[in-house]
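# A closer look at the structure
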Amino acid sequence: MFKRAVSPCLAGLLLAGAASALAAAPGAPGLGAPLTSEVLAGIELTVLPTGEGLPAGRGSVAQGAALYQQHCQACHGAEGQGGMNGDLVGGVGSLATATPKKTVTSYWPYATIAFDYIRRAMPYTAPGSLSADEVYAIVAYLLSRDGVVPKDAVLDAEALAAVKMPNAEGFYPGE
C-alpha cells in the first residue's frame, strides 16, 4: 500500500558503509567516524500512517494548549491561527471551494503526519527538541481545535493512529 524507495535505516547503513570505506582508503582525509547501529537507532524516526514507528508517550489537550503557547504561538498565532507562518487549524471542508485553506486538520489525511512533522521540524528555532509526550500533547491540542478529537482527549501511539482525519479520503496512494 505505502512504498518507500529506500528506508532511512537502509540509507544510513549504506552511507555508513561508504564512509567507512572512504575513511579506511589510503589517502582518505580521515574525517568523521563510522555510523554505529546505536547511533542509527537514535535517528530512525520514521512514522507510518498506521502508527508504526510512533514512540511511547502520551499527552493531553490541556497540556498541549500550554505547550503550544510556549513553543508554537509566536509563529502560528494564538490558538493555531493568525501567525506569520500560517494557520495550523481551520479550513475543514474548504478544500473543494474557491478559497481552500490547507491546514493540519483540513488537508493532512493521517494524524500521524502531524506527530512526525512536529517531532522532526518544530519548533522552528530548535527542531527535534520536544519530547514524545510534548509532541503528543501539541498534536492533541491542534486536533481538538477543529473537533477532530474531544477537548479532553489524551493521545498516545494507539489513540493517535486511530484518529480519523477530515481529509482521510482526499488522497489516493499511487500504484
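Look above for the structure.
Residues numbered from 1 in each chain as written. Predicted model: local features only at pLDDT ≥ 70, side-chain atom pairs only at ≥ 80, totals over all residues. Heavy atoms only, no water.

## With respect to the overall build of the chain
Heads up, the condition is: Segments assigned H or I by DSSP are reported as helices when at least four residues long, segments assigned E as strands when at least two residues long, and all are numbered from the N terminus. Only protein chains enter the accessibility calculation, which uses a 1.4 Å probe; a residue whose area is less than 20% of its type maximum is buried, one above 50% is exposed, and one in between is partly exposed. When checking whether two residues touch, look at their non-hydrogen atoms; a contact exists if any pair is within 4.5 Å. Each accessible area is a Shrake-Rupley result for a 1.4 Å probe, and residues are judged covered by the shown protein chains and nothing else.
Looking only at helices and strands, the chain has eight helices and two strands in total. Helices (α) and strands (β) of the chain occur, in sequence order from the N terminus, as α-α-β-α-α-α-α-α-β-α. By the burial criterion, 33% of the 175 residues in the chain qualify as buried. Look at the contacts in the chain between residues 6 or more apart in sequence, and 55% of them connect residues 24 or more apart. Accessible area for the chain stands at about 10100 Å²; split by element, carbon and sulfur atoms hold 60% of it.

## Regarding the environment of Phe 171
With respect to the helices and strands, Phe 171 occurs in the segment after α8 (157–162). Here Phe 171 falls in the partly exposed class, since its relative accessible area comes to 35%. Setting aside its immediate chain neighbours within four residues, Phe 171 contacts Tyr 107 and Pro 109.

## Thoughts on the layout of surface pockets
Operational definition: Grid points spaced at 1 Å over the protein atoms alone were grouped into cavities, where a 1.4 Å probe fits but cannot get out, and pockets, open sets with protein on both sides within 12 Å along at least five of seven lines, with lining residues defined by an atom within 4 Å of a point. Grid points are joined across faces, edges and corners, and a volume is the space filled by probe spheres set on the points. Polarity classes work like this: nonpolar for Ala, Val, Leu, Ile, Met, Phe, Trp, Tyr, Cys and Pro, charged for Asp, Glu, Lys and Arg, and polar for all others, with Gly in that last group.
Approximately 370 Å³ is the volume found for the largest pocket. Contributing to the lining of the largest pocket are 21 residues, with His 76, Leu 88, Tyr 117, Ile 118 and Met 122 lying nearest its centre. Residue assignment for the lining of the largest pocket shows that the elements contributing at least two residues are α4 (73–76), α5 (104–107), α6 (111–121) and α7 (132–145). Here the lining of the largest pocket is built from residues that sort into 14 nonpolar, five polar and two charged.

## A few points about the nonpolar core
Stated formally: In this text, buried Ala, Val, Leu, Ile, Met, Phe, Trp, Tyr and Cys residues form a nonpolar core when linked through side-chain atoms within 4.5 Å.
In this structure, Phe 115, Val 139, Leu 143, Leu 155 and Leu 160 are the most contacted members of the largest nonpolar core, which totals 32 residues. Put simply, the parts of the chain that give this core at least two residues each are α3 (61–71), α6 and α7. Among the elements that line this core, the one with the most residues is α7, at ten residues. Residue contacts for Leu 143: discarding those within four places in its chain leaves Val 104, Thr 105, Ala 111, Val 148, Val 149, Leu 155, Leu 160, Val 163 and Met 165.

## Things to note about the side chain of Thr 103
Secondary-structure assignment places Thr 103 in the loop between α4 and α5. The class of Thr 103 is buried, set by a relative accessible area of 4%. Apart from residues no more than four positions distant in its own chain, Thr 103 is found in contact with Asp 87, Leu 88, Val 89, Gly 90 and Trp 108.

## Some details on the packing of α3 against α7
Operational definition: Axis angles are defined between N-to-C directions and span 0 to 180 degrees, where every axis is a line fitted to C-alpha atoms and, for a helix, only to the segment in contact. Roughly parallel means an angle under 35 degrees; roughly antiparallel means over 145; roughly perpendicular covers 65 to 115; every other angle is labelled oblique.
Where α3 meets α7, the closest approach of the two axes is 7 Å, and the angle between their N-to-C directions is 95 degrees. On the basis of their axis angle, the class for α3 and α7 is roughly perpendicular. In this structure, α3 contributes Val 61, Gln 63, Gly 64, Ala 65, Leu 67, Tyr 68 and Gln 69 to the contact, and α7 contributes Glu 134, Ala 137, Ile 138, Ala 140, Tyr 141, Leu 142 and Ser 144. Partitioning the contact of α3 with α7 into residue classes produces nine nonpolar, four polar and one charged.

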